Amino acid sequence: MLFSYDKYSGFFSSDLLPSLGTKINQEAKLRKYIISPFNLRYRAWEMFLLIFVIYTAWITPFESAFLIYRIDALVIFDNIVNCLFAIDIFLNFFMAYLDKESYILVDDPKKIAMRYLSTWFIFDVCSTLPFHAFFFIDHKESGVGFKLLSMLRLWRLRRVSALFARLEKDIRFNYFWTRCAKLISVTLFAVHCAGCFNYVIADRYPDTKRTWIGAANPNFKEEGLWDRYITSLYWSIVTLTTTGYGDLVAENPREMLFDIFYMLFNLGLTSYIIGNMTNLVVHWTGYTRNFRDKVEAAQEFAKRNQLSPRIQEQILSHICLKFKTEALQQKETINVLPKAIRSSIAHYRFLPIVQNISLFQGVSRELLFQLVPEMEAEYFPPKEDVILQNEAQTDLYIIVSGALDFLADIDGHERIIGKAVAGESFGEIGVLFGRSQPYAVRTTEISQILCLSRKTLLNILRVNPEDERIIMRNLVLKRQGFGGFDYVESDSSLVFNNWSNRGTNDQGCSHVAQQDTPTNPSDLISIDIQNLEAREKKQVANEGESYGCNSELNEQKGNRSQSGTKGSKHINKRVTIHMKKNNNSLKEQNGKLIILPYTLEELFRVAGQRFGDYNLKKVVNAEDVEIDEVDVIRDGDHLFFLSTDCSGIESNMM
């Protein structure tokens, strides 16, 4: 969504600082006949007058130097222009202004009038009165005094200065070209005025042959108007650029004195132009220069420390991406804003994404509002490692855009064990369990990722215990869906130290128990990298097998795999557990699918938690045969548990 700048700026933005709550002040109802400075019609009127300001800037010096006053079309047009500026003077008595202390529009007619009369009223009147029309005096007879009075019309140029000041602040216009236009305008106006003034000196000198133009052309007054004007511009530009061909030089003290002041003025003007152009070029190229310096420093660092080509490539990719996306993040802009605005921006950008993450499903909206402002968005180029395997994890990551691969080092070979796309999260194991990262995460394309620090997450969860339990339950469900998991024993370092003191009878735990999902640390599920290795090896071993193999061959293959890995690695098996009661058929019981634990004791404990009966002492298979060792259980078996109060076992085949 684009920021509607013109809604608040009118024509080329306002030179007045809007009050706090810009939209409210612009829409505030003013007194009758009072005009708002933000009114679009008034802004259009100002832009219309600027056309005549530019005309005045050219015609005023030109008239004073080359034209004789007489009633003609040009004089009539000049008087029409004067009438337009007189109308503007009248409108200024009804123009509300912005109080500098309160930043509120003042619409009191008396205050408006007093303010205008005490500031620009006299200058505006003097620049509007047509003195020659009042006195009907010829230029030849009027003398220098009336020429200077006519030059008062140049006061209108302050409107052009205000226009460029607004354009430089207006983000819709390129600052470089706006500044260049201003410098060119100043230069052309200086050249025009200097040529006209120098011609006036030559024209009014008693001996025309002892002038800068008369020495080269004694009959210059008989030349055409535009020939004399172009000759004056030629002298002005040659002097401004310090070329000095020597064909037009000062011939009398008046011209010499004017040339001295003009050349001193040129020194300042040239310095001003060169300084501004240098700043513009440096500003334009500074960003690229800083980028090149960073790349060169990174290459020198990699060369000095003899880094591998892959690490060098990741460093260069990260610097290039940061250079391209630095304007998108705008951290400096966001950091200077108030916290409420920063939070609103974060909620608008990322809340729809975060609330759809599986880890945060079911949590309160208050928790999400606390988490989102603490997240920072970062960009990662393709094939860059976000997390390394066995790294101490300190951040939780949420993918806004892009895609990533999960990789594990198996028998010295890096293998892909999973993928993640936009709308998913990773890093929960290290953040919530305080364990090292069991797998590496690497981008496959340019990705934008939200980062949330572990310390911040845990601090927020401490004050939201209900949401804490929901997140842990969501984590268990997500890990179960990923595959390759194993139960872990209680660890005081897991998540929060006070979990072990909460007991199992509180309301939160009873609620979770109704969902058949454990939340105590001893029941939590984490990734076991050995299980991932076993799963990967099993997939590699099965690559050559056809899809239609019968169950007997698969069982034999599984037995060979078990015998080959016995005592070294545990292969995951999925089994369905049932609770068998007296006089009930085995088929009538609703089962629960679980990952087979390492030991028979763990199996009884898990079954007791799932069925709410901790007196289980016996387990049988579908053939009603009692099981004494966990190794004899096959993948896909149905297991039936009997409690100590059962009087007998009824067999029933599946």
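Engineer: Help me understand the overall build of the protein in this model?
Structural biologist: A tally of helices and strands in the protein yields 23 helices and 16 strands. Residues counted as buried form 42% of the 654 residues belonging to the protein. Counting only contacts in the protein whose residues sit at least 6 apart along the sequence, the fraction spanning at least 24 positions is 72%. Summed over all atoms, the accessible surface of the protein reaches about 37,000 Å², with 57% contributed by carbon and sulfur.

Engineer: What's the story with the sheet that holds strand β3 (residues 376-380) in this structure? I'm lost.
Structural biologist: Picture the strands of a sheet paired through backbone hydrogen bonds; they go either parallel or antiparallel. Taken in spatial order, the four strands of this open sheet run β3-β10-β5-β8, and their pairing is antiparallel. Edge positions in the sheet fall to β3 and β8 (425-426), since each of these pairs with one other strand and no more. Of the strands in this sheet, β5 (395-401) and β10 (447-453) are in contact with helix α18 (residues 454-462), which crosses β10 at around 55°.

Engineer: Got a minute to help me understand a negative patch on the surface in this structure?
Structural biologist: Taken together, the side chains of Glu-626, Asp-628, Glu-629 and Asp-631 present a region of like negative charge at the surface. With a relative accessible area of 49%, Asp-631 lands in the partly exposed category.

Engineer: Please explain the sheet that holds strand β6 (residues 403-410) as it appears in this structure.
Structural biologist: Spatially, β4-β9-β6-β7 is the arrangement adopted by the four strands of the open sheet, whose pairing is antiparallel. This sheet does not close on itself; its edge strands, each paired only once, are β4 (385-387) and β7 (413-421). The sheet shows a mean angle of 35° between the axes of neighbouring strands, taken without regard to direction.

Engineer: Whenever I open this one, the pairing of strand β13 (residues 574-579) confuses me. Can you help?
Structural biologist: Of all six residues in β13, five are buried, a share of seventy percent or more. Both β13 and strand β14 (residues 592-595) contribute to a ladder of four bridges, which runs antiparallel. Counted as the bridge partner of Thr-576 is Leu-593 from β14. Two strands pair when backbone bridges link them, and β13 and strand β16 (residues 638-643) are joined in this way by four bridges, in the parallel orientation. Bridging across to β16, His-578 finds its partner in Phe-640.

Engineer: What am I meant to see in helix α11 (residues 225-240) here?
Structural biologist: Given 3.6 residues per turn, any residue in an α-helix points the same way as the ones three and four places further on. Spanning 16 residues, α11 covers 23 Å between terminal C-alpha atoms, matching the ideal 22 Å at 1.5 Å per step. Lining the buried residues of α11 we find α3 (40-66), α10 (175-203) and α12 (253-305). Looking one or two residues past α11, Thr-242 carries a phi angle of roughly 55°, positive in sign.

Engineer: What is the right way to look at the nonpolar core in this model?
Structural biologist: Formed by 31 residues in total, the largest nonpolar core has its most connected members in Val-354, Phe-360, Leu-371, Leu-432, Leu-450, Leu-457 and Ile-471. Dropping the residues within four chain positions of it, Ile-471 is found in contact with Leu-359, Phe-360, Val-363, Leu-367, Leu-432 and Leu-461. Listed in part, the 22 residues of the second largest apolar core include Val-191, Phe-220, Trp-235 and Leu-240.

Engineer: How should I be thinking about the packing of α3 against α11 in this particular structure?
Structural biologist: The geometry of a pair of packed helices is captured by two quantities: the angle between their axes and the separation between those axes. At a closest axis distance of 12 Å, the pairing of α3 and α11 adopts a crossing angle of 110°. Looking at the two axes, α3 sits roughly perpendicular to α11. Every pair of crossing elements has a handedness; the one defined by α3 and α11 is right-handed. Contacts from Trp-58, Phe-62 and Phe-66 in α3 reach Leu-225, Trp-226, Arg-228, Tyr-229 and Ser-232 in α11.

Engineer: Any chance you could explain unusual backbone geometry here in plain terms?
Structural biologist: What you tend to see is this: most non-glycine residues have negative phi, and most peptide bonds are trans. With a phi angle near 65°, Lys-383 is a residue other than glycine that sits in the positive phi range. Position of Lys-383 relative to the elements: it lies in the loop between β3 and β4. Using a relative accessible area of 55% as the deciding quantity, one classes Lys-383 as exposed. The phi angle at Asp-624 is positive, at roughly 65°, despite the residue not being glycine. Following the sequence through the fold, Asp-624 ends up in the loop between β15 (616-620) and β16. Its relative accessible area of 19% is what places Asp-624 among the buried residues.

Basis of the calculations
- Residues numbered from 1 in each chain as written.
- Predicted model: local features only at pLDDT ≥ 70, side-chain atom pairs only at ≥ 80, totals over all residues.
- Heavy atoms only, no water.
- Helix = DSSP H or I, 4+ residues; strand = E, 2+ residues; numbered from the N terminus.
- Buried < 20%, exposed > 50% of the residue type's maximum accessible area, 1.4 Å probe, protein only.
- Contact = heavy atoms within 4.5 Å.
- Areas by Shrake-Rupley, 256 points an atom, 1.4 Å probe, with all protein chains shown as cover.
- Pairing = 2+ DSSP bridges.
- Axes fitted to C-alpha atoms, helices over the stretch in contact; angles between N-to-C directions.
- Patch = residues over 30% accessible without salt bridge, like charges linked within 9 Å, V, L, I, M, F, W, Y side chains within 5 Å.
- Salt bridge = Lys/Arg side-chain N within 4 Å of Asp/Glu carboxyl O.
- Lys, Arg positive; Asp, Glu negative; His and termini not counted.
- Charge placed at Lys NZ, Arg CZ, Asp CG, Glu CD.
- Expected span 1.5 Å × (residues − 1).
- Core = buried A, V, L, I, M, F, W, Y, C linked by side-chain atoms within 4.5 Å.
- Parallel < 35°, antiparallel > 145°, perpendicular 65-115°, else oblique.
- Left-handed = near helix turned anticlockwise from the far one by under 90°.

Structural measurements only, silent on function.
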